[in-house]
Amino acid sequence: MKTLQFREALCEAMSEEMRRDENVFLLGEEVAEYNGAYKVSQGMLDEFGPKRVIDTPIAELGFTGIAVGASMNGLRPIVEFMTWNFAILAADQIINSAAKMLQMSGGQYNCPIVFRGGNGSAGQLAATHSQSFEAFYSHVPGLKVVTPANPADAKGLLKAAIRDNDPVVFLESEKMYGDKGEVPEGEFMIPIGVANVTKKGTDVTIVSFGKILKVVAEAVEVLEKEGVSCEVIDLRTVRPIDYPTVVESIKKTNRCVVVEESWPLASIASEMAYHLQRYAFDYLDAPVMRVMQTDTPLAFSPTLIPVALPSTDRVVKAVRSVMYR
């Protein structure tokens, strides 16, 4: 094992795959000369050269379209968006081209492509730069949607995404790039669509993904002191979702709280609540509870941001509620 920052784990994953397969290349704004807006591609231009690490104009729709076309012709692009909020401009290429190409071409064209970059709230960036897009893209057939929560998962899942023959939306967080964690040495991949039970427990199942798991961890510390044994599941992937792992956990704990950074309507948490009432109804001793961002655009004000986002206190209260405490 070795200790890496989140950004270093991503860089290592991309570099290893580019050494392994000459068809893999990286493009995006500031990925080359500047080593990436968040220094994720540090040193990659020096190693792979300007034909495989490509600085693009500030034109998300344009360079995403180029990458989709390249993927249809046998290459395996990695598209970096400085933030997924900017990728709204490329939604037509992601949703109407990449996601649908295999079906619309009758199986003649795959789109082996990874779209990656910063997602969700990252401080005082105001409403237009603070959105979480997990549910947005998981709604689309043809896409796989991945959201790693630590450096090891970042590397293992990104390598799997690069090798996947389908388009993969890879959602990171600007607040996590400096996070440190242990990463296995050598060849290391995590299969897409397999959740991770990060903590075993018997009283309640807490389901979450991405950076909001940090809030979950803080809440679990509080709850454990109250004698509540929490089982924590990191979905890792929100399309496809590893429902069987969650259902098996509910059979043991009989209670569930889903914590998500995004808005409540049509959320991953909503889908999880439906699935559990459909396939684990007889095991539930309380309604499935959600802890979500408030149903408003995220404010710029530093006093309003923590009120809007899921907090340790809100998670603790939700767990107490399903425990009838």
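Conventions used here
- Residues numbered from 1 in each chain as written.
- Predicted model: local features only at pLDDT ≥ 70, side-chain atom pairs only at ≥ 80, totals over all residues.
- Heavy atoms only, no water.
- Helix = DSSP H or I, 4+ residues; strand = E, 2+ residues; numbered from the N terminus.
- Rg over C-alpha atoms; globule rule 2.2 N^0.38 Å.
- Contact = heavy atoms within 4.5 Å.
- Areas by Shrake-Rupley, 256 points an atom, 1.4 Å probe, with all protein chains shown as cover.
- Buried < 20%, exposed > 50% of the residue type's maximum accessible area, 1.4 Å probe, protein only.
- Lys, Arg positive; Asp, Glu negative; His and termini not counted.
- Salt bridge = Lys/Arg side-chain N within 4 Å of Asp/Glu carboxyl O.
- Pairing = 2+ DSSP bridges.
- Axes fitted to C-alpha atoms, helices over the stretch in contact; angles between N-to-C directions.
- Patch = residues over 30% accessible without salt bridge, like charges linked within 9 Å, V, L, I, M, F, W, Y side chains within 5 Å.
- Charge placed at Lys NZ, Arg CZ, Asp CG, Glu CD.
- Expected span 1.5 Å × (residues − 1).
- Arc of directions from axis to C-beta.
- Core = buried A, V, L, I, M, F, W, Y, C linked by side-chain atoms within 4.5 Å.
- Parallel < 35°, antiparallel > 145°, perpendicular 65-115°, else oblique.
- Left-handed = near helix turned anticlockwise from the far one by under 90°.
- Nonpolar A, V, L, I, M, F, W, Y, C, P; charged D, E, K, R; others polar.
- 1 Å grid on protein atoms, 1.4 Å probe; cavity = no way out; pocket = protein on both sides within 12 Å on 5 of 7 lines; lining within 4 Å.
- Points joined across faces, edges and corners; volume = space filled by probe spheres on them.

Trainee: Help me out: how do you make sense of the overall build of the chain in this one?
Mentor: Per the secondary structure count, the chain includes twelve helices and 14 strands. For 325 residues, the compact-globule formula gives about 20 Å, and the C-alpha radius of gyration of the chain, at 20 Å, lands near that figure. A principal-axis box enclosing the C-alpha atoms of the chain has dimensions of 60 × 45 × 40 Å. Pairs at least 24 residues apart make up 81% of the contacts formed inside the chain by residues separated by at least 6 positions. Counting only carbon and sulfur atoms, one obtains 55% of the accessible surface of the chain, whose full area is about 13,500 Å².

Trainee: What should I look at first to understand the side chain of Arg255 in this one?
Mentor: One can find Arg255 in the loop between helix H9 (243–253) and strand S13 (256–259). Buried charge Arg255 goes without a salt bridge, the closest partner of opposite sign being Asp285 at 4.4 Å. If sequence neighbours within four positions are ignored, Arg255 has contacts with Asp203, Val204, Thr205, Ile250, Asp285, Ala286, Val322 and Met323.

Trainee: Any chance you could explain the sheet that holds strand S10 (residues 204–208) here in plain terms?
Mentor: Working definition: the strands of a sheet are paired by backbone hydrogen bonds and lie parallel or antiparallel to each other. Pairing is mixed in the open sheet, where five strands are placed in the order S9-S11-S10-S13-S14. The open sheet is flanked by strand S9 (196–199) and strand S14 (289–291), the only strands paired with a single partner. Within this sheet the neighbouring strands show an average axis-to-axis angle of 25°, counted without direction. Bridging between S10 and S13 involves three bridges; their strand directions are parallel. Paired with Ile206 across the two strands is Val257, which belongs to S13. Lying over the sheet, helix H12 (residues 312–322) contacts S10, S13 and S14, oriented at roughly 175° with respect to S14.

Trainee: Could you clarify how one ought to interpret a negative patch on the surface in this entry?
Mentor: On the surface, a cluster of negative charge is made up of Glu30, Glu33, Asp46 and Asp55. Looking at the element boundaries, Glu30 is found in the loop between strand S2 (24–28) and helix H2 (44–48).

Trainee: Would you explain helix H8 (residues 213–225) in this entry?
Mentor: Given 3.6 residues to a turn, an α-helix orients residues that are three or four positions apart in the same direction. The end-to-end C-alpha distance of H8 is 19 Å, a good match for the 18 Å that 13 residues give at a rise of 1.5 Å each. Residues of H8 that are buried include every one of Leu213, Val215, Val216, Ala219, Val220 and Leu223, and no others. End-on, the buried residues of H8 take up no more than an arc of 140°, which puts them together on one face. When the buried face of H8 is taken as reference, the exposed residues oriented beyond 90 degrees from it are Glu221 and Lys225.

Trainee: I'm lost on the nonpolar core in this one. Help?
Mentor: As a rule of thumb, soluble globular proteins bury nonpolar side chains together. Core analysis: the biggest nonpolar cluster contains 49 residues, and Trp84, Phe115, Tyr137, Leu235 and Leu276 have the highest contact counts within it. Excluding residues within four positions of it along the chain, Leu235 makes contact with Val194, Ala195, Val207, Ser208, Phe209, Ile241, Val246, Ile268 and Met272. Ranked by size, the runner-up nonpolar core spans 35 residues in total, among them Leu10, Met14, Leu158 and Ile162.

Trainee: I would appreciate a short explanation of the packing of H9 against helix H10 (residues 268–279) in the present structure.
Mentor: In a pair of packed helices, the angle between the axes and the distance between the axes together describe the arrangement. Viewed as axis vectors pointing N to C, H9 and H10 meet at an angle of 60°, and their least axial separation amounts to 11 Å. Classed by the angle they form, the pair H9 and H10 counts as oblique. When you trace H9 past H10, the crossing you get is right-handed. For the pair formed by H9 and H10, the contact residues are Tyr243, Val246, Val247 and Ile250 on the first element and Glu271, Met272, His275, Leu276 and Tyr279 on the second. The residue inventory of the contact of H9 with H10, partitioned by class, reads seven nonpolar, one polar and one charged.

Trainee: What should I look at first to understand the sheet that holds strand S3 (residues 53–55) in this one?
Mentor: The mixed open sheet is built from seven strands, whose spatial order is S3-S2-S4-S5-S7-S6-S12. Either end of the sheet is taken by a strand with one partner, and the two such strands are S3 and strand S12 (237–239). In this sheet, neighbouring strand axes are inclined to one another by 20° on average, regardless of whether the strands run parallel or antiparallel. Where strand S6 (residues 144–146) meets S12, two bridges bridge the pair, whose relative direction is antiparallel. Among the inter-strand pairings, Val145 is bridged to a residue of S12, identified as Arg239. Docked against the sheet, helix H7 (residues 151–163) engages S2, strand S4 (76–81), strand S5 (114–118), S6 and strand S7 (168–172), running at close to 160° with respect to S7.

Trainee: Mind showing me how you'd approach the layout of surface pockets here?
Mentor: Over the atoms rolls a probe the size of a water molecule, and in doing so it shows where empty space is left. When its volume is computed, the largest pocket comes out at roughly 440 Å³. Ala135, Phe136, Ser138, His139 and Ala266 are, among the 21 residues lining the largest pocket, the residues nearest its centre. Those elements giving two or more residues to the lining of the largest pocket turn out to be helix H6 (134–138), S12 and H10. The class makeup of the residues in the lining of the largest pocket is twelve nonpolar, seven polar and two charged. Taken as a whole, the second largest pocket spans an internal volume of roughly 220 Å³. Along its surface, the second largest pocket is lined by 15 residues, and Thr198, Leu213, Lys214, Ala217 and Val232 are the ones closest to its centre. At the level of elements, S9, H8 and strand S11 (230–234) are the ones that each hand at least two residues to the lining of the second largest pocket. Per-element accounting of the lining of the second largest pocket gives the leading share, five residues, to H8. Across the lining of the second largest pocket, the residue classes break down as seven nonpolar, three polar and five charged.

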